[in-house]
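Below are the chains, spelled out letter by letter.
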There are 2 protein chains.
Amino acid sequence: MRSKHGGNIYEVAKKYGYEESEILDFSANINPLGVPNSLKNAIISNINSLVNYPDPNYRDLVKAIAEYNGINEEYILPGNGATEIIFKFIEALSPKKALILAPTFSEYERSLRRVKCTVEYFYLDEKNDFKLDKNRFMESMNNDYDLIVLCNPNNPTGQIIDRKILSSILSKARENQTNLMVDEAFIEFVDSEELATMLEYIHEYKNLYIIRAMTKFFAVPGIRLGYGITSNKEIISSILDKREPWTINTFASMAGRVLLTDKEYITQSKDFFNRERKFMYDNLKNLNFIEVYRPEANYIFLKLLKEMDSLQESLIKRKILIRSCDNYINLDSRYFRAAIKDRNSNNKFIKAMKEVLYES
Amino acid sequence: MRSKHGGNIYEVAKKYGYEESEILDFSANINPLGVPNSLKNAIISNINSLVNYPDPNYRDLVKAIAEYNGINEEYILPGNGATEIIFKFIEALSPKKALILAPTFSEYERSLRRVKCTVEYFYLDEKNDFKLDKNRFMESMNNDYDLIVLCNPNNPTGQIIDRKILSSILSKARENQTNLMVDEAFIEFVDSEELATMLEYIHEYKNLYIIRAMTKFFAVPGIRLGYGITSNKEIISSILDKREPWTINTFASMAGRVLLTDKEYITQSKDFFNRERKFMYDNLKNLNFIEVYRPEANYIFLKLLKEMDSLQESLIKRKILIRSCDNYINLDSRYFRAAIKDRNSNNKFIKAMKEVLYES
C-alpha cells in the first residue's frame, strides 16, 4: 500500500538514520499502556495453534464481539483490521455517489474511488472548531447520495458528533434511501462512550453500518483485527460469500475474546486517557503560536499559527514524530495531529513543542 | 467464508461431539513437523512488536522472499496467505474468459466468478491418472482465453505437470496473449523442487504469475502468509495502489525471513516427506478396493473401488478425518484426499483403511 498514514516510523527512521526504537512516535494513535498482558500470555500459551487453520466462520470471535456489544451475532462481520471492513462494506454497497467529511480518514475515499464512486465533501468549518454543523449538514443531504460516511470521533480532528445530530442524520438518511457508515474506531477512548456510540440504533436501522477497530484501544495494530456491525444481514452474507477465506489470523481470532473480556485493561485505559487527555490539553492550549482543539479521543489536533520551518521537521530532529495533516482535503501544512501517550512522553512532547515554537 | 475446504475440524468436532484435539486431521495438508521452533522463538521474543503497525511496504519480508528465490524484489507481492494473492491477481487481471483444470483447488473458480469471468474446464483424464495430457491441452488453448490457471502439483490429485509441458504452454499462452497463473503452493514438498518450479521463466515471461504459500510447508496456516511472483510490475503496482493497507500482520511479516532462512527445518522436512510419501504409497497401493495415485506432494489421492457406506464417515468414527472430494468438478463421492503425516499417524491411517475396506 502506498497511501500516507501515521505510524510509518520505518520510512522516517531510514530517512534520518535513526533506530526505530529511538523515535517517540506521536504519529500513530495507539494506547500507550501497550499490548495487554492477557493477550501476550494467550499467544504464548497457544503458539502451537498456528499449525491449524483458523475456524473459517470465526465463531468464537463473533460470539465474543456480540457479547461485548450486547448485540446479535448475525449482525457482526469480523475482519483483518477495520480497514478490511471499510473496503468490504463499500464494495458490497457499491455506492454511485457518496458524501464524506473533509478532513477525515483517507481510506474512505480510497475505497470509494476503487468502486468508481463519485465522492463529495462536506467541509468542516475551522471557525466552528471543525465540529459538524447540524443544520448545514442536513441541508447538504439529498436523495442522490447512496452512502454517507462519518467518523466519530473524527480523525484527525478529534471532535465528537453529538448523538442527537447523528440520529437525525440517520433518520433522514433512511428517508432518502441513503446508507450511513459510522466509523467508531476511536470510540472506546471517548469519555462516556455509551453516550457516543450508535450501537442502540443498529437493530432498528438497516441502513446503518458501524465500524470498530481493536487496533487503537488495545494497542495491537500488528495483529490486524476489527469488525463491522449492521442489521442488514444480506450485506454480511454477500460479503462472506465473496471474500477470501481466512483473512483473520489465528492469534487475532483468539484476541477477540481475550481483549474484550480484559476489564482491568479497559478500565485502566479509560482512566488513563481521561487524565492524560486533560493534561495534554491543559499544557498545550495556552502556548503561543498554536491553536489546540479540545480532544475527545486519544490524539490532539493542532494548528500552527506562525510562519516557521516545518513543525514536523523541527520535532523529528528531537526524535519526536507527529503526523502532518497537509495531505488531508480542507487542511494544509499548518495542521498536525499528535497522539496522547504516557506522561513521560507527553512531557517530552510539551517541552519539545515549547522549544520549537519559542526558539525558532 | 462459506466454501468447503479441508481443515475444518471445528465443524466436524462439533458434529460428532469430539474434542478438536482428539481428531487426527488428514484433511488439511500441513507439514507434521509442526510450527518451526525458529518462528515460535521469534514471536515470543518480539511479542511487544504488536504495538506497532507493520511496515506498510513490508520491505524486510519482500527482501527475504527475493533472496530465498533468487529474484528481483520488484517481482514480489506478499499477501495474507496465497488466497489473497490469487484473488488480487485475478481482480487486477480481470479476465473475461479463463481455463482451469478439473479437478483443481476451488478458490480459482470462486475468485474468477467474483470478477464475472466465464470459466471453462480442462477435464483431467482418470485413465491417465489425472495427469495433464500435453497434446490435448495445447489443442484446447485458444486466443479466447485471457487467463489459464494451473496448480502444480495439482490439488487434490497430487500430480506434477512436467516443466517441458509447462514451458510449451507458457510460450503458446504468450503468443495467444493469454496470462498463465501457476499455483506452486505445494512445490516445496516435491522431490527436486528446482526441476518443477517455473521460477526461471519469470524474468522472460511477463504473462507468468506464480503463487506461493508459506502455510503448508512451514505448517503455519494460522499466520496467513503467501506471495505472488511476476515480472509484470504494472500489475503489482496497480494491486498495491488499490488494496487495503496492512493485510499482513506483524508476526507474518516477520515470519518470512525467519522461516525462509531456517535451513534445518527445510532440509528435515524434505527428507521427511521423501521417506513418508514412499511409506504411505507403498502401504496403500496394494490394498484391495482402492486406487491410489502416486503422490508428488504431501498428500495422497485415492479412489474407492467398492460400493460401501461413506469412507469418510467410517474413518471419522475412528477419529480420523480425510477430505472427501465429491464437491470437485470431474470427481464424485468415490474420491478422497489424505495428508501425509508423521509415521505414527500414517500407521494409524493405514490400519484404519484396512479395517474399513476389508471389514465392511
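Below you will find a few notes about this structure. (Residues numbered from 1 in each chain as written. Chains lettered and ligands numbered in written order. Predicted model: local features only at pLDDT ≥ 70, side-chain atom pairs only at ≥ 80, totals over all residues. Heavy atoms only, no water.)

## Side note on the side chain of B:E188
And then number 1: Residue placement: B:E188 occurs in the loop between β6 (179-183) and α8 (193-196).
And then number 2: With residues near it in sequence (within four places) discarded, B:E188 still touches B:Y68, B:E193, B:R212, B:A213, B:F217 and B:K270. (Helix = DSSP H or I, 4+ residues; strand = E, 2+ residues; numbered from the N terminus. Contact = heavy atoms within 4.5 Å.)

## What about the interface of chain A and chain B?
And then number 1: Taken together, the 56 residues of chain A in the interface contact 56 residues of chain B.
And then number 2: The junction of chain A with chain B conceals about 5300 Å² of combined surface from both sides, 56% of it contributed by carbon and sulfur atoms.
And then number 3: Joining chain A to chain B, the criterion identifies four salt bridges.
And then number 4: Viewed at the interface, chain B and chain A are joined by 28 residue pairs in polar contact (both at pLDDT 80 or more). (Buried area = accessible area lost by both parts, 1.4 Å probe. Salt bridge = Lys/Arg side-chain N within 4 Å of Asp/Glu carboxyl O. Polar contact = N/O pair within 3.5 Å; in protein donor to acceptor, adjacent residues only side chain to side chain.)

## A short note on the sheet that holds strand β9 (residues 290-293) of chain A
Consider a sheet: its strands pair through backbone hydrogen bonds, and that pairing is either parallel or antiparallel.
Residues and elements named next belong to chain A.
And then number 1: The antiparallel open sheet is built from four strands, whose spatial order is β9-β10-β13-β12. Each having just a single partner strand, β9 and β12 (323-324) make up the two edges of the open sheet.
And then number 2: Judged from the two bridges that link them, β12 and strand β13 (residues 335-339) form a sheet pairing that is antiparallel. Bridge pairing in β13 places R323 opposite R337.
And then number 3: On top of the sheet, helix α11 (residues 263-284) reaches β9, β10 (299-304) and β13; it is set at about 155 degrees to β9, its chief contact.
And then number 4: Packing against the sheet, helix α13 (residues 343-359) makes contact with β9, β10 and β13, and its axis sits at approximately 5 degrees to β10. (Pairing = 2+ DSSP bridges. Axes fitted to C-alpha atoms, helices over the stretch in contact; angles between N-to-C directions.)

## Topic: the pairing of strand β7 (residues 208-213) of chain A
And then number 1: Of all six residues in β7(A), six are buried, a share of seventy percent or more.
And then number 2: The alternating pattern of β7(A) places A:L208, A:I210 and A:R212 on one face and A:Y209, A:I211 and A:A213 on the opposite face, and all of these are buried. (Buried < 20%, exposed > 50% of the residue type's maximum accessible area, 1.4 Å probe, protein only.)

## Focus on the relation of the copies chain A and chain B
And then number 1: For the pair chain A and chain B, the best superposition has an RMSD of 0.0 Å and corresponds to a rotation of 180 degrees with a translation of 0.0 Å parallel to the axis. Both copies are brought into coincidence by an operation consistent with a two-fold rotation axis. Minimal C-alpha separation from the rotation axis in chain A is found for A:I44, amounting to 3.3 Å.
And then number 2: Both copies present the same face, since 100% of the interface residues in chain A are matched by interface residues at the equivalent positions in chain B. (Least-squares fit on C-alpha atoms with pLDDT ≥ 70 in both.)

## Some words on the sheet that holds strand β5 (residues 147-151) of chain B
Residue and element names in this part refer to chain B.
And then number 1: Strand order in the open sheet made by the seven strands is β2-β8-β7-β6-β5-β3-β4, with mixed pairing throughout. With partners counted over all chains shown, the strands left at the sheet margins are β2 (76-79) and β4 (118-123), one partner each. On average, adjacent strands in this sheet sit at an angle of 20 degrees to one another, irrespective of strand direction.
And then number 2: In the packing of helix α5 (residues 107-114) onto the sheet, the strands contacted are β3 (97-102), β4, β5 and β6, and the crossing angle to β4 comes to about 155 degrees.

## Some remarks on the pattern of salt bridges
All names here are of chain B.
And then number 1: Tallied over the entire structure, the rule returns 55 salt bridges over all chains.
And then number 2: The shortest N-O distance in the salt bridge between R257 and E67 comes to 3.5 Å. Of the two residues, R257 sits in helix α10 (residues 250-260) while E67 sits in helix α3 (residues 59-69), which places them 190 residues apart along the sequence.
And then number 3: Overall, the relative accessible area of 32% leaves R257 in the partly exposed class.

## Brief notes about helix α4 (residues 81-93) of chain B
All names here are of chain B.
And then number 1: Look at α4: 19 Å from first C-alpha to last across 13 residues, which is about the 18 Å you get at 1.5 Å a residue.
And then number 2: In terms of burial, α4 is a largely internal element, eleven of the 13 residues being buried.
And then number 3: Among the residues of α4, those classed as buried are G81, A82, T83, E84, I85, I86, F87, K88, F89, I90 and L93.
And then number 4: Phi turns positive, to about 45 degrees, at S94, one or two residues after α4. (Expected span 1.5 Å × (residues − 1).)

## A word on the packing of aromatic side chains
And then number 1: Using the criterion set out here, one finds 43 aromatic pairs over all chains in the structure.
And then number 2: Between A:F272 and A:F273, the aromatic rings sit 5.0 Å apart at their centres with planes inclined by 85 degrees, giving edge-to-face as the arrangement.
And then number 3: The exposure class assigned to A:F272 is buried, which follows from its relative accessible area of 8%.
And then number 4: Arranged with centres 5.5 Å apart and planes meeting at 80 degrees, the rings of B:F130 and B:F301 form a pair that is edge-to-face. With a gap of 171 residues between them, B:F130 in the loop between β4 and α6 (134-140) and B:F301 in strand β10 (residues 299-304) connect regions that are remote in the sequence. The burial state of B:F130 is the same as that of B:F301; both residues are buried.
And then number 5: Among the aromatic residues, ring-to-ring pairing joins A:F186, A:F189, A:F217, A:F218, A:Y265, A:F272, A:F273 and A:Y299 into one connected group. (Phe/Tyr/Trp six-rings, centres within 6.5 Å; stacked < 30°, edge-to-face > 60°.)

## Let's talk about the pairing of β3(B)
All names here are of chain B.
And then number 1: Counting buried positions along β3 gives six out of six residues, so the element sits mostly inside the fold.
And then number 2: Residues of β3 alternate between two faces, with K97, L99 and L101 on one and A98, I100 and A102 on the opposite face, all of them buried.
And then number 3: The pairing of β3 with β4 spans six bridges and is classified as parallel. In the sheet register, I100 faces β4, and the bridge partner there is Y121.
And then number 4: With α5 bridging β3 and the parallel β4, this β-α-β connection has right-handed handedness.
And then number 5: Two strands pair when backbone bridges link them, and β3 and β5 are joined in this way by three bridges, in the parallel orientation. Counted as the bridge partner of A98 is L147 from β5. (Right-handed = clockwise from strand over helix to strand, strands pointing away.)

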